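In case you want the letters, here they are:
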Amino acid sequence: MESSNSTGKVIGALLAGAAIGGALGILFAPDKGSKTRKKIMDKGDDLTDTMQEKFNDFLEEMKTEIEVVKAKTNDFLKDGSARTEKHKTN
């Protein structure tokens, strides 16, 4: 799970850097105000879509991790119950 957290931070930093770089590039471009505003809106939409995709990927990873933890917990409980029953019969 720690690896997922680090990966999420790196992806977040890259997306933030791309957004800032894109915004600065658009703001310093020699276009009319209306074109600049449209470009900013388009970049914002692109960033929103990318963030949504990354968030969905993150949720899927977390669901998988939760299922693994549930399975391990069930195995642990079954093993503990079996050991308890073994000691009761002895």
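To be clear, the structure that these remarks concern was listed above.
For the structure given in this document, a descriptive report is provided here. Quick caveat: nothing in here was measured; it's all calculated off a predicted structure. (Residues numbered from 1 in each chain as written. Predicted model: local features only at pLDDT ≥ 70, side-chain atom pairs only at ≥ 80, totals over all residues. Heavy atoms only, no water.)

As for the overall build of the protein
Heads up, the condition is: Runs of E in the DSSP output that reach at least two residues are strands. Runs of H or I that reach at least four are helices, and both are numbered from the N terminus. This radius of gyration counts C-alpha atoms alone. The globule rule is 2.2 Å times how many residues there are, raised to the power 0.38. Three exposure classes are used, based on accessible area relative to the maximum for each residue type with a 1.4 Å probe and protein chains only: buried under 20%, partly exposed in between, and exposed over 50%. Accessible surface area values rest on a Shrake-Rupley calculation with a 1.4 Å probe, where residue burial reflects the displayed protein chains alone. In this count, Lys and Arg are taken as positive residues and Asp and Glu as negative ones, while His and the chain termini are left out. Lysine's charge is taken at NZ, arginine's at CZ, aspartate's at CG and glutamate's at CD.
Looking only at helices and strands, the protein features two helices and zero strands. The C-alpha radius of gyration of the protein comes to 24 Å, more than 25% above the 12 Å expected for a compact globule of 90 residues. Counting only C-alpha atoms, the protein reaches 85 × 15 × 10 Å along its principal axes. Classification of the 90 residues of the protein by burial places 6% in the buried group. Carbon together with sulfur atoms contributes 61% to the accessible area of the protein, which is approximately 7600 Å² in total. Counting 15 positive and 15 negative side-chain charges, the protein places the centres of these two groups 3 Å from one another.

Points about a nonpolar patch on the surface
Basically, it comes down to this: Only residues whose relative accessible area exceeds 30% and that take part in no salt bridge are eligible for patches, with like-charged residues grouped when within 9 Å of each other and nonpolar side chains (Val, Leu, Ile, Met, Phe, Trp, Tyr) grouped when within 5 Å. When a carboxyl oxygen of Asp or Glu lies within 4 Å of a side-chain nitrogen of Lys or Arg, that pair is called a salt bridge.
On the surface, a cluster of nonpolar side chains totalling about 540 Å² of accessible area is made up of I20, L24, L27, F28 and I40. Within the element layout of this structure, I40 appears in helix α2 (residues 33–89).

Points about the pattern of salt bridges
Tallied over the entire structure, the rule returns three salt bridges. The closest approach of N and O atoms between D42 and K38, which form a salt bridge, is 3.3 Å. Of this pair, D42 and K38 are both found in helix α2, four residues apart, which corresponds to roughly one turn of the helix. A salt bridge links E67 to K70; the shortest N-O distance between them is 3.7 Å. Linking E67 with K70, this pair stays in helix α2, spanning three residues, or about one helical turn. Classification of K70 by relative accessible area gives partly exposed; the value is 46%.

Here's the deal with the environment of S81
Topologically, S81 is positioned in helix α2. You can call S81 partly exposed: its relative accessible area is 44%.

Concerning a negative patch on the surface
Residues D45, D46, D49, E53, D57 and E61 make up a contiguous surface patch of negative charge. Within the secondary structure layout, D45 lies in helix α2.

Distances and angles like these do not, on their own, reveal function.
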